[in-house]
Every structure is written in C-alpha cells, then in structure tokens.
Amino acid sequence: MWFTALTTRWRPRHWQLDVLDSYTGAAASRKPAAELPALLVPVDYGYVTLNYDKAWFAKNGVAVPKALEDLTQPAYAKLLVVQNPATSSPGYAFLLATIGAMGEDKAFDFWAKLRANGLKVAKGWSEAYYTEFSQNGGKYPIVVSYATSPAAEVFYAKTKLAEPPTGSLSLPGAVFRQVEGVALVKGGKERAAAEKFVEFMRSAAVQQGMQTEMWMYPAEAGVAKSDAFKFAPEPTAFHAPSDADIAAKGADWVARWTKVVLK
C-alpha cells in the first residue's frame, strides 16, 4: 500500500515513526530539488505568495507594495484578500510565513493592522482567487496565491498572451515553501507495487506533466521546466517557524489569528 502526505512541511513528525516505513529505492538515492523529513519522498514543491492584478495597479496609479508592512498603510486599504488559515492550506501557509519572518507577537500585531486596514478574508483559495480577486471581477487587487499562478494565467488564457496579467510578490515574510511527497505505510502487503508507485511519481514524465496539472515545481533535479514556468520564477527566500514550533503551536496560532482578525 502507499500513502500520500501532502503539505507535510507543517505537520508534526511523531506520527512518521508509527505509520510510515522506510523507502530505499532508486528515488531515495537521488538528491531532490526540495527536501522532506526522513521516510517521506518529495514529489513536487511550490510557494505560497501574494499575487497582484497588474492592470488594476496601472489604472489606479498605485505603486506595487515593496514590503509586507506596506499593506497596513492607508494607500493599500481594502486591497488585500487572504484565506482563513482554519479552513485553507494557503491561508495557513501565509500565516506561518508572517510568523516565521516577524516572530509571533509582531506577526499578530501586523495582522491586527491588516484588519484595521480593511483586510478581506475568504474561506478558501477558489473563493479568494476567482470571486474576490479583481483579475476575476472582484474588488481586491492583491490575493494570497502561488508563485506559479501567473504562469497558469498565461497557460489557460483563451488568447495567446506575451505576459501574464498578474504577478507574484516575493516580499520578505510573505513567502512559504510547500513540499509535497509520498511514503510507504508500515504493514502494507503490496510493497513492490508501492515502491513502483514512488518511482512513477518521480519519473520524468510525471515530473514534467504535473507542472501544468498541479502547478508545482518538479522535485526531481534536472527535469526540464515547462515553457509556461518562465512566468513563474522561484522566490529566492521564504520563511516559516521551525517544524517543532509548528507542531506544538500551530493550532494555538490559528485560534489567536481568529480572535485578532475575525472577532
């Protein structure tokens, strides 16, 4: 049997020893482009970032923010939509990025200022991106999304585009790297098949195909990037609390965020 472990970057580690089994196949011997804790085999990775609507900023004569703290200023009032970290993985990732960069207390002071400046909260990514984001007819020209979202805009456009209508903002404190992977489950009766599945997930064909299916970067080093990914440059830095702090404090941080932002 096999087990897929998604967004493992912020999950606690103790369950791995009880549930997962070691994998020593060919993929384990190849250094991936992004790492996961022991027993987990990376298959792709990506970055949660802020995205912005280029046309809105050009039309309204507003400068694109250069620092995360800019979003607390009057010039950016009622411009940002985020996802609720209690119901959305990108929303949780963005919260963790702010804590990782600023520290807990300063991060929640920042969130309080965002609330006072007209922050919009959506339940999930689809609502934020396809309903509230101004690129898709909403009112908010800045949204929490992914570094690959501009590339997807070009890929799915009904007419050929030379440049994406949106851009990603790799601002310090606003970037979280998410690594996704697979692992073997202890006691599985089809180990040989499970190992073949792991190898399949790290094969060149899958690593190339998932780029424009899941809009993630390939974990297999040396795999060619999709042509669309020229519009998805990787952020040069990202932030997150330690794995131990996420495991110990993650639920409390979400509860605190709920009080600061929603209540």
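It should be emphasised that the depicted structure is a prediction, and the values quoted were computed from it without experimental measurement. (Residues numbered from 1 in each chain as written. Predicted model: local features only at pLDDT ≥ 70, side-chain atom pairs only at ≥ 80, totals over all residues. Heavy atoms only, no water.)

J.: Can you explain the layout of surface pockets? Please cite residues and give values.
T.: For the second largest pocket, the calculated volume is near 170 Å³. In terms of lining, the second largest pocket is formed by 15 residues, of which the most central are Ala27, Ala28, Leu40, Val41 and Pro42. For the lining of the second largest pocket, the secondary structure elements donating two or more residues are helix H2 (26-29) and strand E3 (41-53). Along the lines of polarity and charge, the residues of the lining of the second largest pocket split into eleven nonpolar, one polar and three charged. (1 Å grid on protein atoms, 1.4 Å probe; cavity = no way out; pocket = protein on both sides within 12 Å on 5 of 7 lines; lining within 4 Å. Points joined across faces, edges and corners; volume = space filled by probe spheres on them. Helix = DSSP H or I, 4+ residues; strand = E, 2+ residues; numbered from the N terminus. Nonpolar A, V, L, I, M, F, W, Y, C, P; charged D, E, K, R; others polar.)

J.: Would you mind going over unusual backbone geometry in detail, with residue names and values included?
T.: Positive phi values are uncommon outside glycine, yet Leu39 reaches one of about 85°. Relative to the assigned elements, Leu39 resides in the loop between H2 and E3.

J.: Tell me about the side chain of Thr49, residues and numbers included.
T.: Locating Thr49 in the fold gives a position in strand E3. The class of Thr49 is buried, set by a relative accessible area of 0%. Separated by 3.3 Å, the side chains of Thr49 and Asn51 make a polar contact. Among residues more than four places away in sequence, those in contact with Thr49 are Val143, Val144, Ser145, Tyr146, Ala147, Ser168, Leu169, Ala174, Val175 and Pro235. (Buried < 20%, exposed > 50% of the residue type's maximum accessible area, 1.4 Å probe, protein only. Polar contact = N/O pair within 3.5 Å; in protein donor to acceptor, adjacent residues only side chain to side chain. Contact = heavy atoms within 4.5 Å.)

J.: Residue-level account of the packing of helix H4 (residues 89-102) against helix H10 (residues 243-262), with values.
T.: The contact between H4 and H10 brings their axes to 11 Å, and the two run at 105°. Judged by the angle between their axes, H4 and H10 are roughly perpendicular. For the pair formed by H4 and H10, the contact residues are Tyr92, Leu95, Leu96 and Ile99 on the first element and Ile246, Gly250, Trp253, Val254 and Trp257 on the second. Partitioned by chemical class, the residues of the contact of H4 with H10 number eight nonpolar, one polar and no charged. (Axes fitted to C-alpha atoms, helices over the stretch in contact; angles between N-to-C directions. Parallel < 35°, antiparallel > 145°, perpendicular 65-115°, else oblique.)

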